[in-house]
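Coordinates in review
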Amino acid sequence: MNGILWLASYPKSGNTWLRLFLTNLLRNDDEPADINEPEATPIASARGIIDDEAGIETSDMTMAEIEQLRPLVYEQLVAQAEEPLLMKVHDAWTLLPDGTPLLSAQATRGAIYIIRNPLDVVISAANFNGTDIDTAITCLADMEAKLARGKKKLPDQLQQRLLSWSGHVLSWVDSSQVPVHILRYEDMSQDPLSAFTGAARFAGLDFDQERIPKAIRFSSFEELHRQELAKGFKEKSAKQEFFFRKGKAGGWRNVLRRDQIDRIIADHGSVMERFGYL
Amino acid sequence: MIIPLNAQSATVSKLYSAWGLAIDSSIELPLLQLGDGVAADVTIRFGTVPETLDNARHQGVCFQAFPGRFLLKLENIARYLVSDGCEILIDPVPDAESDAIRLFLLGSAIGALLHQRSILPLHASAIRVNEGVVAFAGNSGVGKSTLAASFMKNGCQVVADDICAVSVASGVPLVCSGSPNLKLWHDALHQLGEDPQSLPRVRDSVEKYRLPLAHGFAEEVLPLRKLYVLRSINQDRFELEHLTGVDKLNALVKNTYRFNFLKGLGGKKEHFSHCAAVGRHVDVCRVSRGKNGFRIEELMALLEEDFNR
């Protein structure tokens, strides 16, 4: 069945890592794929995609008008595609005022939802955005949080509703009612073979026993960091030194203060417990 | 600035001049220069526009296209039917924002009309430099208009904003000037020392403003000399790369305004040969700038040094 398989996550949860794994898996080259040339996994909120498929400048439209177009754009992409599509997405699964899902249930084949311990997400988010950790914690608790707001200038991405970290997780896992495969960042780190094999199977990329370990090796943190050191990474924020920083789960133990940990648990305890983070 | 689409404006037409065309329009277009003469290349009228095109060869979410016919459908605004490069019919939705009707008329609808007339619309803003044109292309938000506006502040004249119409009929790529306005965002206006509050918005509901150009506009036909394709990178430096061969051709194809329309309108081959013709006469450079902070004066100095060489 054609349709979009969303590579969905709250920001800073391992989405790029999964995309680079899938790139290496699909290419099956003898060398690691260039980190700056991932296989076709465009982000759903790219302004250029919406402008091209709609045939208008979204920069001349209101946010409400643009959001009305977005599900139609995904349906259009699916109608034109000869094979299933993979798209990265940070939007939460939300509904338009008329009840239509922003990301179109009709265009959706399923979603791999990458989840990462919010205790680690806040550290990575603070680094990426150039803020302190307390600001990142506040943002993770904000049900109104949005990416690429850009009211006074034009960002190259459309505004994306994130909700809070818990809201984001539950929107995809419980509310979307599309087939969702949950992929924990911690499992990608600690048991990559089983975690990535599960994701590849769900994506319908059921390759042989050798191809998956090779793709894991070619998208290992060491390899990604090596390439970033050598030639830079175009998705790095201008505010951070490196995009691929540590690639480890559990870094929060050495970074967060007790009161910060308590705040995050107070905000997200029930969802953290459900996914094994408490 | 809201100019109503009243009954009078629906019956009395005026002649305007833009993109090398004499445009006879029943909808007032205060954003265009008035034209003279009697013969019009294009007429713009109110009328009944169908919901769909029969036999559309390609359709997007808001458009349908067939050779010689193009339909643009914008919910709550209007439907536009663009025919044979010489007529645009507008069917407004009752109570639609009149500025919005004009905005998309002078955007996608004109883009389709230029494609139908085999004029190459580059997605670029452009300035006059000596007896030629230097154009700035790139994705929306990359700073095309801001750069053109900054050169205007330094005494240059602007010839196009967003749509740069290039005609290759004579073999030499010629730019015909567009509308004497620049569309700019709040932050860009601040950077230019303009007060956004004193300027009209492009539409009431969008925080993007219109800067009228007056003497800062050149209404002329001039050869295109240089095309800079702007992009932003996450490193704090500038890069200038002269493109050749396939890269140059791809840059021209990719920076064609609403390239997708050609899938339905036809003429992709002709478009490709126009891009190749432009490529033979025009120097095309990719310009990278840091994402954080435009550092516009440094960028202008770099470009000036290049195009004055």
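Residues numbered from 1 in each chain as written. Chains lettered and ligands numbered in written order. Predicted model: local features only at pLDDT ≥ 70, side-chain atom pairs only at ≥ 80, totals over all residues. Heavy atoms only, no water.

**Here we look at the overall build of chain B**
Summing up its helical and strand segments, chain B has eight helices and 20 strands in all. Whereas a compact globule of 309 residues would reach a radius of gyration of roughly 19 Å, chain B reaches 19 Å, a difference of no more than 12%. Within the span of chain B, comprising 309 residues, buried residues form 57% of the whole. Counting contacts in chain B only where the partners sit at least 6 residues apart, residues at least 24 apart contribute 65% of the total. Accessible area of chain B: about 12,700 Å², with a carbon and sulfur share of 48%. Charge-centre separation for chain B: the mean point of 32 positive side chains lies 6 Å from the mean point of 34 negative side chains. (Helix = DSSP H or I, 4+ residues; strand = E, 2+ residues; numbered from the N terminus. Rg over C-alpha atoms; globule rule 2.2 N^0.38 Å. Buried < 20%, exposed > 50% of the residue type's maximum accessible area, 1.4 Å probe, protein only. Contact = heavy atoms within 4.5 Å. Areas by Shrake-Rupley, 256 points an atom, 1.4 Å probe, with all protein chains shown as cover. Lys, Arg positive; Asp, Glu negative; His and termini not counted. Charge placed at Lys NZ, Arg CZ, Asp CG, Glu CD.)

**Here's the deal with the interface of chain B and chain A**
Taken together, the 32 residues of chain B in the interface contact 30 residues of chain A. Summed over both sides, the interface between chain B and chain A buries roughly 2,600 Å², with carbon and sulfur atoms accounting for 49% of that surface. The largest per-residue losses of area from chain B upon contact with chain A belong to Val 61, Trp 185 and Asn 234 of chain B, which jointly make up 24% of the total buried on that side. Counting the contacts that link chain B with chain A gives five salt bridges. A salt bridge links Arg 258 of chain B to Asp 52 of chain A, with the nearest nitrogen and oxygen atoms 3.5 Å apart. Here chain B is connected to chain A by 13 residue pairs in polar contact (both at pLDDT 80 or more). At the level of secondary structure, the elements contributing two or more residues to the side of chain B that touches chain A comprise β5 (58-59), β7 (69-74), α2 (98-116), β15 (181-185), α4 (186-191) and β17 (206-212) of chain B. Looking at the side of chain B that touches chain A residue by residue, the class counts come to twelve nonpolar, twelve polar and eight charged. (Buried area = accessible area lost by both parts, 1.4 Å probe. Salt bridge = Lys/Arg side-chain N within 4 Å of Asp/Glu carboxyl O. Polar contact = N/O pair within 3.5 Å; in protein donor to acceptor, adjacent residues only side chain to side chain. Nonpolar A, V, L, I, M, F, W, Y, C, P; charged D, E, K, R; others polar.)

**What about the environment of His 268 of chain A?**
Residue and element names in this part refer to chain A. Position of His 268 relative to the elements: it lies in helix α11 (residues 258-274). Sequence-wise, His 268 and Ser 164 are 104 residues apart; in three dimensions their C-alpha atoms are separated by 9.0 Å. For His 268, the contacting residues outside a window of four places in its chain are Leu 140, Ala 141, Ser 164, Trp 165 and Ser 166. A polar contact is formed between the side chain of His 268 and the backbone oxygen of Leu 140, at a distance of 3.4 Å.

**Side note on the domain arrangement of chain B**
Residue and element names in this part refer to chain B. For chain B, the domain assignment lists domain 1 (7-116) and domain 2 (120-307). Of note, the centres of domain 1 and domain 2, computed from C-alpha atoms alone, are 23 Å apart. Contact residues are listed per partner, giving 30 residues for domain 1 and 26 residues for domain 2. Both faces considered, domain 1 and domain 2 share a buried interface measuring about 2,300 Å² in area, 64% of it formed by carbon and sulfur atoms. The three residues of domain 1 that bury the most area against domain 2 are Trp 19, Leu 31 and His 115, which together make up 29% of that side's buried surface. The interface formed by domain 1 and domain 2 holds one salt bridge in total. Here Arg 203 and Glu 97 are joined by a salt bridge, their closest N and O atoms 3.3 Å apart. Here the element with the most residues in the side of domain 1 that touches domain 2 is α2; it accounts for twelve residues. Among the residues making up the side of domain 1 that touches domain 2, the classes are represented as 16 nonpolar, ten polar and four charged. (Domains from an automatic or database assignment.)

**Concerning the pattern of salt bridges**
All names here are of chain A. Under the counting rule described, the total for this entry stands at 35 salt bridges over all chains. Here Arg 257 makes a salt bridge to Asp 134, at a shortest N to O gap of 3.6 Å. You can see Arg 257 sitting in the loop between α10 (221-231) and α11 and its partner Asp 134 sitting in helix α5 (residues 133-140), a full 123 residues away along the chain. Arg 257 gets classed as partly exposed once you look at its relative accessible area, which sits at 43%. On the accessibility criterion, Asp 134 (26% relative accessible area) is partly exposed. Three or more residues joined by partner-sharing salt bridges are found here, namely Asp 134, Arg 257, Asp 259 and Arg 263.

**Quick word on the sheet that holds strand β2 (residues 85-89) of chain A**
Residues and elements named next belong to chain A. Across the sheet, which stays open at both edges, the four strands sit in the order β2-β1-β3-β6 with parallel pairing between neighbours. The open sheet has two free edges, formed respectively by β2 and β6 (180-184), since each of these has just one partner strand. Averaged over all neighbouring strand pairs, the angle between strand axes comes to 20°, with direction disregarded. Pairing of strand β1 (residues 4-9) with β2, which is carried by five bridges, proceeds in the parallel orientation. Within the sheet, the bridge partner assigned to Ile 4 lies in β2 and is Leu 85. Against the sheet, helix α3 (residues 63-80) makes contact with β1 and β2, and its axis sits at roughly 155° relative to β2, the strand it touches most. Contacts from helix α8 (residues 192-202) reach β1, β3 (108-115) and β6, with the element oriented near 160° to β6. (Pairing = 2+ DSSP bridges. Axes fitted to C-alpha atoms, helices over the stretch in contact; angles between N-to-C directions.)

**A short note on the sheet that holds β17 of chain B**
Residue and element names in this part refer to chain B. The three strands are arranged β15-β17-β16 in an open sheet whose pairing can be described as antiparallel. Only two strands of the sheet have a single partner each, and these edge strands are β15 and β16 (201-203). Neighbour-to-neighbour, the strand axes of this sheet turn through a mean angle of 45°, independent of strand direction. Where β16 lies against β17, two bridges are found, and the strand directions are antiparallel. Of the residues in β17, the one forming a bridge with Arg 203 is Val 206.

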